[in-house]
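Spelled out from the first residue to the last, the chains are:
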Amino acid sequence: MRYVYADNAATTPVSKKVVDAMLPYMTENFGNPSSLYSIGQKANQGVKKARQQVAAALGANENEIFFTSGGSEADNWAIRGVAALGAKKGKKHIITSKIEHHAVLHTCAALEKQGFSVTYLDVYENGIVRPEDVRNAITDETCLVTIMYANNEIGTIQPIAEIGAICKEKGVLFHTDAVQAVGHVKIDVKAENIDMLSLSGHKFHAVKGVGALYCRKGIRFPNLIEGGAQESGRRAGTENVPGIVGLGVAITDMMENMEENEKKVSALRDRLFEGASKISHSRINGDRVKRLPGNFSMCFEGVEGESLLLMLDMNGISASSGSACTSGSLDPSHVLLAIGLKHEVAHGSLRLSLGEDWTQEDVDWILEVLPGIVDRLRDMSPLWEHIMEEEKAHA
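What comes next concerns the included structure. All residue numbers refer to position in the chain's written sequence, counted from 1. Only residues with pLDDT of at least 70 are given local features in this predicted model, and only at 80 or more are side-chain atom pairs given and counted; all residues enter the totals for whole chains, interfaces and linings. Hydrogens and water are ignored here; the side-chain numbers use all heavy atoms of the structure.

### Re the overall build of the protein chain
The condition that has to hold: By the criteria applied, helices consist of DSSP H or I runs no shorter than four residues and strands consist of E runs no shorter than two, each listed in order from the N terminus. Only the C-alpha atoms count toward the radius of gyration. The rule for a globule is 2.2 Å times the residue count to the power 0.38. The rule is simple: take the accessible area with a 1.4 Å probe, protein chains only, and divide by the maximum for that residue type; under 20% is buried, over 50% is exposed, in between is partly exposed. Here, residues are in contact when the closest pair of their heavy atoms is within 4.5 Å. The method behind every accessible area is Shrake-Rupley, applied with a 1.4 Å probe, and residues are considered shielded solely by the protein chains displayed. When charges are counted, Lys and Arg contribute as positive and Asp and Glu as negative, whereas His and the chain ends are disregarded. In this description, the location of a charge corresponds to atom NZ of lysine, CZ of arginine, CG of aspartate or CD of glutamate.
Each helix and strand counted, the protein chain has 13 helices and twelve strands in total. On C-alpha atoms alone, the protein chain measures out to a radius of gyration of 22 Å, which is about the 21 Å that the 2.2 N^0.38 rule sets for 395 residues. Evaluated residue by residue, the protein chain yields a buried proportion of 56% over its 395 residues. For the protein chain, restricting intrachain contacts to residue pairs at least 6 apart in sequence, the fraction spanning at least 24 positions comes to 72%. Only carbon and sulfur atoms are counted for the fraction: they give 52% of the accessible area of the protein chain, which is about 17200 Å². Charge centroids of the protein chain, computed over 41 positive and 51 negative side chains, lie 7 Å from each other.

### Regarding the sheet that holds strand 8 (residues 211–215)
For clarity, the cut-off: Only when DSSP finds a minimum of two bridges between them are two strands counted as paired. Axis definition: a line fitted to C-alpha atoms, over the contacting stretch in the case of helices. Angles run 0 to 180 degrees between N-to-C directions.
Strand order across the open sheet formed by seven strands is 2-8-7-6-5-3-4, with mixed pairing between neighbours. Only two strands of the sheet have a single neighbouring strand rather than two, namely strand 2 (65–68) and strand 4 (117–121). Neighbour-to-neighbour, the strand axes of the sheet open up by a mean angle of 20°, direction not taken into account. Packed onto the sheet, helix 3 (residues 71–88) meets strand 2, strand 5 (142–146), strand 6 (173–177), strand 7 (196–200) and strand 8 and runs at close to 160° relative to strand 7.

### A short note on the pairing of strand 5
Heads up, the rule is: Seen with its strands pointing away from the viewer, a crossover is right-handed if its path from the first strand over the helix to the second goes clockwise.
Where burial is concerned, most of strand 5 is hidden: five out of the five residues are buried. The pairing of strand 3 (residues 93–97) with strand 5 spans three bridges and is classified as parallel. Residue pairing for strand 5: I94 is matched across the bridge by L144. With helix 6 (residues 160–170) bridging strand 5 and its parallel neighbour strand 6, the resulting β-α-β unit is right-handed.

### Description of the nonpolar core
Here is the rule we go by: In this text, buried Ala, Val, Leu, Ile, Met, Phe, Trp, Tyr and Cys residues form a nonpolar core when linked through side-chain atoms within 4.5 Å.
L58, V145, I187 and L197 are the most contacted members of the largest nonpolar core, which has 65 residues in total. Those residues in contact with L58, other than ones at most four positions away along the chain, are I65, V182, I187, D188, V189, L197, L199 and Y214. Ranked by size, the runner-up nonpolar core spans 29 residues in total, among them L272, A276, I366 and V369.

### Details of the pairing of strand 4
Inspection of the sheet shows strand 3 paired to strand 4 by five bridges, in the parallel sense. Bridging from a neighbouring strand, I95 pairs with T119 of strand 4. Regarding topology, helix 4 (residues 102–112) serves as the crossover connection from strand 3 to the parallel strand 4, and that connection is right-handed.

### Observations concerning the packing of aromatic side chains
Aromatic ring pairs are defined here through the distance separating the ring centres and the angle between the ring planes. In plain terms, the rule: Classification of ring pairs uses Phe, Tyr and Trp, with its six-membered ring standing for Trp, and accepts pairs whose centres are within 6.5 Å; under 30 degrees between planes counts as stacked, over 60 as edge-to-face, and the remaining range as tilted. Note on criteria: charge over ring means Lys NZ or Arg CZ within 6 Å of the ring centre, with the direction from the centre no more than 35 degrees off the ring normal.
The tally for this structure, following the rule as stated, stands at three aromatic pairs. Plain terms: the ring middles of F273 and F296 are 4.8 Å apart, the flat faces sit at 25° to each other, and that makes the pair stacked. Of this pair, F273 sits in helix 8 (residues 258–276) while F296 sits in strand 10 (residues 295–300); the two residues are 23 residues apart in sequence, bridging distant segments of the chain. A relative accessible area of 0% places F273 in the buried class. Owing to a relative accessible area of 0%, F296 belongs among the buried residues under this scheme. Through pairs of rings, three or more aromatic residues link up here, namely F66, W77 and F221. For the cation-ring pair, K92 lies above F116, with the distance from its terminal atom to the ring centre recorded as 5.0 Å.

### Concerning the packing of helix 3 against helix 4
Note the threshold: Angles below 35 degrees are treated as roughly parallel, those above 145 as roughly antiparallel, those between 65 and 115 as roughly perpendicular, and all remaining angles as oblique. Should the near helix be turned counterclockwise from the far one by less than a right angle, the crossing is left-handed, whereas a clockwise turn marks it as right-handed. Under the scheme applied, nonpolar residues are Ala, Val, Leu, Ile, Met, Phe, Trp, Tyr, Cys and Pro; charged residues are Asp, Glu, Lys and Arg; polar residues are all the others, including Gly.
Following both chains from N to C, one finds helix 3 and helix 4 inclined at 30°, their axes separated by 9 Å at the closest point. By the angle between their axes, helix 3 is roughly parallel relative to helix 4. Like other packed secondary-structure pairs, helix 3 and helix 4 cross with a definite hand, here right-handed. Across from S72, D75, N76, I79, R80 and A83 in helix 3, the residues of helix 4 making contact are A103, V104, T107, A110 and L111. Split into classes, the residues belonging to the contact of helix 3 with helix 4 amount to six nonpolar, three polar and two charged.

### Focus on the environment of I339
Within the secondary structure layout, I339 lies in the loop between helix 10 (334–338) and helix 11 (343–346). Taking the relative accessible area as the measure of exposure, I339 reaches 5% and is therefore buried. Sequence spacing of I339 and D122 is 217 residues, and the spatial spacing of their C-alpha atoms is 8.2 Å. The contact partners of I339, leaving out residues within four places of it in the chain, are V123, Y124, E125, G127, I154, R283, N285 and G286.

### Digging into the packing of helix 9 (residues 305–314) against helix 12 (residues 360–379)
Interaxial distance between helix 9 and helix 12 falls to 10 Å at its minimum, and their mutual angle equals 135°. The orientation of helix 9 with respect to helix 12, classified from their angle, is oblique. Crossing of helix 9 over helix 12 shows right-handed handedness. Counted together, S307, L308, M311 and L312 of helix 9 and V369, L370, I373, V374, R376 and L377 of helix 12 form the full contact between these two elements. Of the residues belonging to the contact of helix 9 with helix 12, the class tally is eight nonpolar, one polar and one charged.

Right, here's the structure in full:
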């Protein structure tokens, strides 16, 4: 039986280049990068090079890159940090969207309990925030706009440059959670008017547990962790040198191969959409064009998502119904509800996230087994029986 890993949005396999780059920093170059002796300084140089690599990939300066444990930490640091700045000036209003990752939504909810007001913008059927809605939501009290670059479930890419330009015009700081986008689409923080950006290495073939926050020079919010001089004194603690080195190698490798990867993966995704759309009572989630190259998201009426995933797994296909961070929840995706889907439709969601190593045969295997699985689940579904009866009644 063929095996297809189709959950790259949850995490990616670590590349051989990354492993090879990390190994010396676990053995001969294992020193503490804050130490003055040679093996410590070799470790320090590894961290410095990675900072330069991340900065180059984003169009930033190296002193604007701060390493973190991942995207969620970077999101929290940016949002809470700017909130603290805003509170000092009496500005306690934040704007975000209804489809953000929970690292953003839960942080905003926590700030609401501390007296902040939060505007949650609609995304409409295509899953895209309208820049004019951002403009209309900004008030004299707004301290931050935080809109994700690309959605982790439905893959929609937001009009970041336009939103950033509005924020710049209004004098409001702009943060974007770009965890799903970095390494997969070209990003230029200066050209797109981005003040802060979060990323996570394991989404583009680095290891888990390492990420970064881009913070434009001149933004000085509170330190995340006190106790040392690491990360310019803003995040104390001995650096995860192997992970940071691997992050730098991974992001550089993705940038060098981005055009080729994007073309290949987009074509495979479109082939998958074309084939799966032949299944009756199915729908594509999110914008058909403005989406990540490797994101496939569809709903199949009369099907329960968890059963669909289990049966796909029995056929060697690792997939998901949405964010891995909410996989234990029985509630339908907040993202799918935000684009207007009914609960019973949203429960039948399937997310496949393609990798750069995918082949036509991988797509063919999915299209071979998926229709049969959907049919089998519908045969057992009282909901599907009800849908069919309703159609007959209105025929």
